[in-house]
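A closer look at the structure
Each chain, written out:
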Amino acid sequence: KTVVSELEGKRVHVAHVVLMSGADEAKVLQEVKEHCAVKLEKNHMPSLVKLYDDALPVSKSGKLDVLKMESDVTDLIVL
């Protein structure tokens, strides 16, 4: 899931990705970059990635917690 977050006063696209146990992080990041390059317009390409170990954040209603994803700018990886 890609969301727009504010980082140092700038709006940036951040891809939020669940990294499965045992997955090669570098390979996954490359695959995300290639997939986004094919599927997204250039101005919507994520420049940062937030990795999760088990699942994306979910709100009490059971839906993706997009607000939490937008505001969590810790531990981001440059794509």
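An account of the accompanying structure is given in this report. All residue numbers refer to positions counted from 1 along the written sequence of the respective chain. Owing to the predicted nature of the model, reporting of local features is limited to residues with pLDDT of at least 70; listing and counting of side-chain atom pairs is limited to 80 or more, with chain, interface and lining totals taken over all residues. Values shown for side chains rest on all heavy atoms present in the structure; no hydrogens or waters enter the calculation.

As a further point, take the pattern of salt bridges. Think of a salt bridge as a Lys or Arg side-chain nitrogen and an Asp or Glu carboxyl oxygen that are within 4 Å of each other. For the structure shown, the criterion picks out one salt bridge. The salt bridge partner of lysine 50 is aspartate 72, with a shortest N-O separation of 3.2 Å. Of this pair, lysine 50 sits in strand β3 (residues 48-52) while aspartate 72 sits in the loop between α2 (66-71) and β4 (77-78); the two residues are 22 residues apart in sequence, bridging distant segments of the chain. Helix and strand definitions follow DSSP, with helices as H or I runs of at least four residues and strands as E runs of at least two, each counted in order from the N terminus.

Another point: helix α1 (residues 25-39). Along its 15 residues, α1 runs 21 Å from first to last C-alpha, staying within 8% of the 21 Å computed at 1.5 Å per residue. Note on classification: 1.4 Å probe, protein chains only; a residue is buried when its accessible area is under 20% of the maximum for its type, exposed when over 50%, partly exposed between these limits. By the burial criterion, the buried members of α1 are Val28, Leu29, Val32 and Cys36. In a view along the axis of α1, the buried residues occupy a sector of 100°, so they form one face of it. Seen from the buried face of α1, the exposed residues on the opposite side, beyond 90 degrees, are Ala26, Lys27, Ala37 and Val38. Residue contacts are counted whenever heavy atoms from the two residues lie within 4.5 Å of one another. Summarising the contacts, the buried residues of α1 are in contact with β2 (10-18), β3 and β4. As used in this structure description, the phrase polar contact means that two N or O atoms lie within 3.5 Å; if the pair is within protein, one of them must be able to donate a hydrogen and the other to accept it, and residues adjacent in sequence are counted only when both atoms belong to side chains. Residue aspartate 24 occupies the N-cap position of α1, its side-chain oxygen lying 3.1 Å from the main-chain nitrogen of alanine 26. To estimate the expected span of a helix, subtract one from its residue number and multiply by 1.5 Å. Summarising the geometry, the arc corresponds to the directions from the helix axis toward the C-beta atoms.

Moving on to the sheet that holds β3. Here a strand pair is declared whenever DSSP counts at least two bridges between the two strands. Strands sit in the order β1-β2-β3-β4 across an open sheet of four strands; the sheet is mixed. Strands at the two margins of the open sheet, each flanked by one partner only, are β1 (2-7) and β4. One ladder, built from five bridges, connects β2 with β3; its direction is parallel. Paired with valine 18 across the bridge in β3 is tyrosine 52.

This brings us to the environment of lysine 1. Inspection of the secondary structure assignment puts lysine 1 in the segment before β1. Separated by 33 residues in the primary sequence, lysine 1 and glutamate 34 place their C-alpha atoms 15 Å from one another. For lysine 1, the residues in contact, after removing those within four places along its chain, are Val14, Ala15, His16, Leu56, Leu64, Val66 and Met69.

Turning our eyes to something else, we now look at unusual backbone geometry. Even without a glycine there, the phi angle at glutamate 8 is positive, about 55°. With respect to the element layout, glutamate 8 can be found in the loop between β1 and β2. A positive phi angle, close to 55°, is found at aspartate 75, a residue other than glycine. Position of aspartate 75 relative to the elements: it lies in the loop between α2 and β4. On the basis of relative accessibility, which here comes to 67%, the residue aspartate 75 falls in the exposed class.

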